[in-house]
Amino acid sequence: LALKGYAKTGNSDAAQALLKDMQIRGLNPTEETYGAVILSLALAKKTEKARALFEAMKSGQFGDEIFPGVACYNALMLAHIEAHQWEEALECHSRRKDAGLSYSTASFQDVLLASYRVGQKAKATEAIEEALQSELKINQRCFDLSLHILLGDALKSKTFDQARQWLREIGEQNVYLKKPALNLRRSLRTAQVEEKREPTKALKEHKIAAKQEHAWRVALEHLVEFSRAAEEAAEVSHATSNESKV
């Protein structure tokens, strides 16, 4: 409990001291223990020390047969994000995938943010599709980041209401995009309504959270659908334009 407290407050010196004391006394740390220490270093913006501890675990330096798992990868990912090391964050995510490990909603958001910062739309799209195929909880922040990555140029600085208006106009202008635009516009509206819903006697807080998660997941699915359709429509338009020039 003490270690978790140090981790949350970024008290990395106390966290490292406690870890060292456990090792000296022969109390084998768990993967979560190491993850908490790396997290404390991440929040203290001591990225190199966080990475050094992670790599020491990976190499088996401590001799306790404890290797990086979900907690450690999540913490190291955060360390790179806090340091604005976007490429390193994406590399950490790739290593986590290669290890066959799951990740949290917060780490998914980190992947999206890093992808956005380095302009890797393909990497973000891949992460979004993986998230939709998993049981990862999708929230408004996940959708918002995805929206600005997949449709960034068109929706820069636009609110959700403005985005829905833009989708309406696109659907009216382009027959090919009419259905996916309508699907996205409606699902986004539903998610907005669910996000503002207040608990009642009949609808408890945990049920509202589940409905919100489902609504944002559906909206994200329709966002991917629209993004693909828009890319295909652009390709068709480009091919038609080239043919007309010939």
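Computed from a predicted model, the values in this text were never measured in an experiment.

Observations concerning the overall build of the protein
Here is step 1 of the chain: Regarding its fold elements, the protein presents 13 helices and zero strands.
Here is step 2 of the chain: Shown N-terminal to C-terminal, the secondary structure of the protein runs as helices and strands in the order α-α-α-α-α-α-α-α-α-α-α-α-α.
Here is step 3 of the chain: Here the C-alpha coordinates of the protein stretch approximately 75 × 60 × 30 Å along the principal axes.
Here is step 4 of the chain: Sequence separation of 24 or more characterises 65% of the internal contacts of the protein that already satisfy a separation of 6 or more.
Here is step 5 of the chain: Carbon and sulfur atoms make up 51% of the accessible area of the protein, which amounts to about 13800 Å² in all.

Examining the packing of aromatic side chains
Here is step 1 of the chain: Across all of its chains, the model carries six aromatic pairs by this definition.
Here is step 2 of the chain: With a centroid separation of 5.8 Å and 70 degrees between ring planes, the pair formed by Phe-143 and Phe-160 is classed as edge-to-face. Of this pair, Phe-143 sits in helix 9 (residues 140-150) while Phe-160 sits in helix 11 (residues 160-173), and the two are 17 residues apart along the sequence.
Here is step 3 of the chain: By relative accessible area, Phe-143 is classed as buried at 0%.
Here is step 4 of the chain: A residue is classified by how much of its surface remains accessible, and Phe-160, at 13% relative accessible area, is buried.
Here is step 5 of the chain: Site record: aromatic cluster; members linked through ring pairs are Phe-143, Phe-160 and Trp-216.

Focus: the side chain of Arg-96
Here is step 1 of the chain: Within the fold, Arg-96 resides in helix 6 (residues 86-98).
Here is step 2 of the chain: For Arg-96, which is buried and forms no salt bridge, the nearest opposite charge comes from Asp-110, at a distance of 6.8 Å.
Here is step 3 of the chain: Setting aside its immediate chain neighbours within four residues, Arg-96 contacts Tyr-73, Asn-74, Met-77, Leu-101, Ser-102, Tyr-103, Ser-107 and Val-111.

Observations concerning helix 11
Here is step 1 of the chain: The terminal C-alpha atoms of helix 11, which comprises 14 residues, lie 20 Å apart, in line with the 20 Å expected from a rise of 1.5 Å per residue.
Here is step 2 of the chain: Along helix 11, the positions that sit buried rather than exposed are Phe-160, Ala-163, Arg-164, Trp-166, Leu-167, Ile-170 and Gly-171. Projection of helix 11 onto a plane perpendicular to its axis shows the buried side chains occupying an angular sector of 160 degrees, all on one side. Facing away from the buried surface of helix 11 by more than 90 degrees, the exposed residues are Glu-172 and Gln-173.

About the criteria used
- Sequence order sets the numbering: in each chain, residues are counted from 1 along the sequence as written.
- This being a predicted model, a pLDDT of at least 70 is required before a residue's local features are given, and a value of 80 or more before pairs of side-chain atoms are given or counted; all residues contribute to the totals for chains, interfaces and linings.
- Side-chain measures were taken over the full set of non-hydrogen atoms in the model, leaving aside hydrogen atoms and water.
- Numbering goes from the N terminus for both helices and strands, where a helix is a DSSP run of H or I of at least four residues and a strand is a run of E of at least two.
- Contact between two residues is taken to exist if any of their heavy atoms lie within 4.5 Å; hydrogens are not considered.
- In short, Shrake-Rupley with a 1.4 Å probe defines the accessible areas, and a residue's cover is counted only from the protein chains shown.
- Within 6.5 Å between ring centres, the rings of Phe, Tyr and Trp (the latter by its six-membered ring) count as paired, and their orientation is classed by plane angle as stacked under 30 degrees, edge-to-face over 60, tilted in between.
- Think of it in three bands: residues with accessible area under 20% of the maximum for their type are buried, residues over 50% are exposed, and the middle band is partly exposed, with areas taken using a 1.4 Å probe on protein chains only.
- Note on charges: Lys and Arg go in the positive column, Asp and Glu in the negative column, and His and the chain ends are not counted at all.
- Salt-bridge detection follows one rule: a side-chain nitrogen of Lys or Arg within 4 Å of a carboxyl oxygen of Asp or Glu.
- A helix is expected to span 1.5 Å for every residue after the first.
- Here the arc refers to the directions that run from the helix axis out to each C-beta atom.

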